[in-house]
Amino acid sequence: MHEYPITSQIVKIAGEYAQKAQAARVVKINLVVGDYSGFIGDSISMYFDILSEGTICEGAELSIRKVHPMLRCRSCGDLFKKVPFSFECPKCGGEGGPTEIGKEFYIESIEVE
Amino acid sequence: MSETKKIEVMENIHGENERIALETNQRLTEAGIFCVNVMGAPGAGKTSSIIQIIKNLKHVTPFVIEGDIESDLDTQTLTRLGIKTFQINTGGACHLDAPLIRDAVNMLAPNKKGILFIENIGNLVCPAEFVIGEHMKLLISTVTEGSDKPYKYPLAFEKADGVILNKSDLMPYIDFDLDFFTKGFRALNPQAPLFKVSAKTGDGFSQVAQWLEEKAMGLNEAKD
């Protein structure tokens, strides 16, 4: 349910860029989806096939690059991968704070013909 | 076979939602209305907390937009208390978004300066991902949900500008580890205030109301 409206937004944005480029059809959409974006790639793919029907995006491949969340240590400044139930820096034991890495949710590019 | 061409897009998929949210935010700011996006799990006591906050407001007029999947029970409660309230039923959608709130603000038509509380759908996940035009996100967590919530739902705690820990009167009867809760919350969010309250007894809400009133009055001072 959650991914349905957002997938129509993906079809809309990709379609607008393809039309601007006077393309006949979109063959691939390159998406970047952070694990903390709240959106599930498989679910977007499922809706995409339905929502792209009859549009310039119909039949396009959806390529999703996932991004794992990273924390930044408030003591030593290192970036490190978030693991469940912990904010501890593996290098110095300090506390890691959230960053924007892992929250991405954008269309990087489209491939058209 | 025709040639394939790559076009750079780099466009945020939330872009349109964010644009509409910004318009609503600007409109509310102009009208002197401080908008609070109230988030929390089902049963956290969102409506009860809003009522307790409103009872403790001394200087500003409250308005409410109620978001529910179905029913207008909460709106009936608020309306009975004389609070101008508009109900949104999402019919299944798990969060409120900016277009819904733009339309609801039009319908509610708040006509004086004050605070607009928007009660989001009961859910600790999706509401945190969508801006709706608010000046602030207020998260309601409860001791009965357990002390691990900041670890399991980090985005909601990270995005919150203030957190209410409701049902605190039940603390002696359940295994709620306040230190563990606070440690996780502070790792995600070093700044936002944490208020321990009970919507059942009303304890702690005068501080929440005072804090919100200061924010609301700050909005109008900044504008005037």
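Residues numbered from 1 in each chain as written. Chains lettered and ligands numbered in written order. Predicted model: local features only at pLDDT ≥ 70, side-chain atom pairs only at ≥ 80, totals over all residues.

Novice: Describe the overall build of chain B, naming the residues involved and giving the relevant values.
Specialist: Broken down by element type, chain B carries eight helices and eight strands. On the principal axes, the C-alpha backbone points of chain B span a range of 75 × 40 × 35 Å. Here chain B holds 224 residues, and the buried ones make up 48% of them. Residue pairs at least 24 apart in sequence account for 77% of intrachain contacts in chain B once pairs closer than 6 positions are excluded. (Helix = DSSP H or I, 4+ residues; strand = E, 2+ residues; numbered from the N terminus. Buried ≥ 20, exposed ≤ 12 C-beta atoms within 10 Å, placed from the backbone. Contact = placed C-beta atoms within 7 Å.)

Novice: Explain the overall build of chain A to me, and be specific about the residues and the numbers.
Specialist: In terms of helices and strands, chain A carries two helices and six strands. Starting at the N terminus, the α and β elements of chain A follow one another as α-β-α-β-β-β-β-β. For chain A, whose C-alpha radius of gyration is 18 Å, the value lies well above the compact-globule estimate of 13 Å for 113 residues. Overall, chain A is about 55 × 30 × 15 Å in size when its C-alpha atoms are taken along their principal axes. Counting over 113 residues, chain A shows a buried share of 32%. Of the contacts formed within chain A by residues at least 6 apart in sequence, a portion of 69% connects residues at least 24 apart. (Rg over C-alpha atoms; globule rule 2.2 N^0.38 Å.)

Novice: Can you break down helix α7 (residues 178-188) of chain B residue by residue, with the values?
Specialist: Where α7(B) is concerned, the buried positions are Phe181(B), Gly184(B), Phe185(B), Ala187(B) and Leu188(B). Take α7(B) and look down its axis: the buried residues cluster within an arc of 160°, on one side only. Buried residues belonging to α7(B) abut β5 (96-98) of chain A together with α5 (149-152), α6 (154-159), β7 (162-166) and β8 (194-196) of chain B. (Arc of directions from axis to C-beta.)

Novice: I'd love a proper account of the sheet that holds strand β1 (residues 5-12) of chain B, names of residues and values included.
Specialist: Reading across the sheet, the four strands line up as β2(A)-β1(A)-β6(A)-β1(B) and stay open at both edges, with mixed pairing between neighbours. Sheet topology places β2 (61-67) of chain A together with β1 of chain B at the edges, where each strand pairs with a single neighbour. Along the sheet, successive strands turn relative to each other by an average axial angle of 15°, direction set aside. Looking at chain direction, strand β1 (residues 26-34) of chain A and strand β6 (residues 105-112) of chain A are connected through seven bridges and run antiparallel. In the sheet register, Val32(A) faces β6(A), and the bridge partner there is Tyr106(A). Across the sheet, helix α1 (residues 3-20) of chain A touches β1 and β6 of chain A together with β1 of chain B, and the angle it forms with β6(A) is around 40°. (Pairing = 2+ DSSP bridges. Axes fitted to C-alpha atoms, helices over the stretch in contact; angles between N-to-C directions.)

Novice: I'd love a proper account of the interface of chain B and chain A, names of residues and values included.
Specialist: Of the residues lining the interface, 25 residues belong to chain B; the matching set on chain A comes to 27 residues. With eight residues, the single largest contributor to the side of chain B that touches chain A is β1(B). Of the residues assigned to the side of chain B that touches chain A, the class counts are 12 nonpolar, five polar and eight charged. (Nonpolar A, V, L, I, M, F, W, Y, C, P; charged D, E, K, R; others polar.)

Novice: Go over the environment of Ser71(B) with me, naming the residues and quoting the values.
Specialist: All names here are of chain B. With respect to the element layout, Ser71 can be found in the loop between β3 (61-68) and α3 (73-80). Under the C-beta neighbour-count criterion, Ser71 is labelled exposed, with 11 such atoms within 10 Å. Spatially, the C-alpha atom of Ser71 lies 9.5 Å from that of Gly91, the residues being 20 residues apart in sequence.

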